[in-house]
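# Chain and residue survey
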Amino acid sequence: MIAVVGGGITGLSLGHRLTEAGADCVVLEAGEQAGGVIRSRIVDGHLLDWGPQRARLVGDLRSLIDELDLEDQTVTSPPGLPLYVYRGGRLREVPFSAGAFLTSDIVGWGAKVRVALEPLTPGPDDDESVADFFSRKIGAELYHTLVGPLYGGLYGSDPADMVVGLSLGHVLREFGVGRSLILSLLRKGGRVSPPPACSFREGMQTLPRALADRLGDRLRLECPVDAVAPRPGRGWRVETSQGPLEAEAVVLTTPAPVTSRLLEGVDRDAADRVGSLNYNPLGVVHLRAETDLEGLGFQVSFDEPLALRGVTFNDSLFGRTGVYTAYVGGAKRPEVVSRSDADLAALAVDEFRQCTGFDAVPVAVERERMPAWDRSWAALQGLQLPDGLHIAANWESRPGIPGRLAQTRRLAARLTAGTP
């Protein structure tokens, strides 16, 4: 028996992979429904998502959609939708090719000439901040305008608080980037061509629902785990609200604070390390607006004194008429997230109007906490767990749905190969 603690996308997909491999497993979820941060709901006639608004239709996700017979429910964004950055009083289109960059108004000619020097600069240093790395490679203007907001926006973080070796290094290696960012791009034809964005007709929660349905009684809802402890000899005892169970291996897929609590009775050093990780507060305000905006959305330049960090255009992405998702706060302005719902909504409406020129009405206000992947992640260096106890989570390895699916595929292969 393999016990998977947590029924978010990581726990569900791991349970699915283990089941497909013929392993005996159970997924234990504390809540009334599975899915973790991925939630979809109809509010005032509008389909809204919390957690990821979309995913990239890459290999592991495409395969899972086929396995779960979700092809007919999958929707993809129209090809060629632009992405924008708000800077200097207006939205500016992000260039996705070397040629488009040269004719773009996203930065001035001085910044464009500075980029030409990038191949002459040293490669990444694991000990430098992500902000320092990008600034010395491509120049301060392009970093503050484009790269910083796009990269930091993935985590709600400030790249000045992130370290290359802790957060960016594995991304560079994954994409085959060595010393030079520009030469790596030119070797690929000088164009960035990301896979299409996708969602589902009834929202992103369709994916965890389908996984939960496939798991059947191997998923136990309203079953919080109180403790895990090694058994004498071999294996683990998992204490749950529905009674204890015994397992050869345990996988914790829970957020870092929950994982830290569960590790307290097993390994105090590991618990302290995991418990020291920072999470960024983020306000999520869904807006309704009548606009002529077409695109994926926009991020806000670091040079702008706004609390708004970015907006997703659900309207043009997936035909959800009038729906825009605004993100407020994060590491740049964490204090605004503690404001009342009414104040947070008013702030999002005001800054949406400033950036786009369109009025909006708030539909829903919620708050999320995102793993920061900042300097506190140094605590995970040298982390060791007892045999048979594993961690798989968006704070432990690459975040995002494709990253979660790739990790659970690899971990399931290890666990079913007889190496718990």
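As a reminder, the structure under discussion sits directly above these lines.
A brief structural summary. (Residues numbered from 1 in each chain as written. Predicted model: local features only at pLDDT ≥ 70, side-chain atom pairs only at ≥ 80, totals over all residues. Heavy atoms only, no water.)

## With respect to the nonpolar core
To be explicit about the condition: Buried Ala, Val, Leu, Ile, Met, Phe, Trp, Tyr and Cys residues form a nonpolar core when they are joined through side-chain atoms within 4.5 Å. Exposure is judged per residue with a 1.4 Å probe applied to protein chains only, and the accessible area is read against the type maximum: over 50% gives exposed, under 20% gives buried, and values in between give partly exposed. Contacts are assigned to residue pairs with any non-hydrogen atoms lying within 4.5 Å of each other.
Of all hydrophobic cores here, the largest spans 64 residues; its most connected members are F134, L168, V238, V250, L263, W377 and W395. Setting aside chain neighbours within four positions, we find L168 in contact with V130, F133, F134, Y151 and V163.

## Concerning helix α10 (residues 256–263)
For clarity, the cut-off: Each helix is a run of H or I in the DSSP string that is no shorter than four residues. Each strand is a run of E no shorter than two, and both are numbered from the N terminus. This arc corresponds to the set of directions leading from the helix axis out to the C-beta atoms.
Listed in full, the buried residues belonging to α10 are A256, T259, S260, L262 and L263. Projected down its long axis, α10 shows its buried positions confined to an angular sector of 165°, all on one face. Its buried side turned inward, α10 meets β1 (2–5), β11 (225–230), β14 (249–252), α11 (268–275), β15 (279–288) and β20 (389–391).

## Section: the pairing of strand β12 (residues 236–240)
Both faces of the sheet carry side chains from a regular strand, because those side chains alternate between them. Filter applied, for reference: Note: two strands are recorded as paired if DSSP finds a minimum of 2 bridges between them.
Residues W236, V238 and T240 point to one face of β12 and are all buried, whereas R237 and E239, pointing to the other face, are not buried. Where β11 meets β12, five bridges bridge the pair, whose relative direction is antiparallel. Bridged to P230 within β12 is W236. Between the antiparallel neighbours β11 and β12 lie five residues, among them G233 with a positive phi of about 95°. The turn linking β12 back onto strand β13 (residues 245–247) is made up of four residues, and G243 within it adopts a positive phi angle of 110°.

## Brief notes about the sheet that holds strand β10 (residues 219–220)
We apply this condition: Every axis corresponds to a line fitted to the C-alpha atoms, with the helix fit spanning only the stretch in contact, and the corresponding angles, defined between N-to-C directions, vary from 0 to 180 degrees.
Strand order in this open sheet of five strands is β10-β2-β1-β14-β20, and the pairing throughout is parallel. In this open sheet, the two strands that pair with only one neighbour each are β10 and β20. Where β1 lies against β14, four bridges are found, and the strand directions are parallel. Across the sheet, the residue bridging to I2 is A249, located in β14. Where helix α1 (residues 9–20) meets the sheet, it contacts β1, β2 (25–28), β10 and β14, and its direction lies at approximately 170° from that of β2. The strands that helix α14 (residues 401–416) touches are β1, β14 and β20; relative to β20, the one it contacts most, it runs at about 165°.

## Details of the packing of α10 against α11
What counts here: Here roughly perpendicular refers to angles of 65 to 115 degrees, roughly parallel to angles under 35, roughly antiparallel to angles over 145, and oblique to all remaining angles. Crossing chirality is assigned from the near helix's rotation relative to the far helix, an anticlockwise turn below a right angle marking it left-handed and a clockwise turn marking it right-handed. Gly is placed with the polar residues, together with every amino acid not listed as nonpolar (Ala, Val, Leu, Ile, Met, Phe, Trp, Tyr, Cys and Pro) or charged (Asp, Glu, Lys and Arg).
Interaxial distance between α10 and α11 falls to 8 Å at its minimum, and their mutual angle equals 165°. One element, α10, and the other, α11, form an angle in the roughly antiparallel class. The element α10 and its partner α11 pack so that their crossing is left-handed. Contacts between α10 and α11 involve A256, T259, S260 and L263 from the first element and R268, A270, A271, V274 and G275 from the second. Here the residues of the contact of α10 with α11 sort into five nonpolar, three polar and one charged.

## Describing unusual backbone geometry
In this model, D69 sits at a positive phi of 55°, which is unusual for a non-glycine residue. Within the secondary structure, D69 is located in the loop between α2 (59–67) and β6 (74–76). For D69, a relative accessible area of 56% translates into the label exposed.

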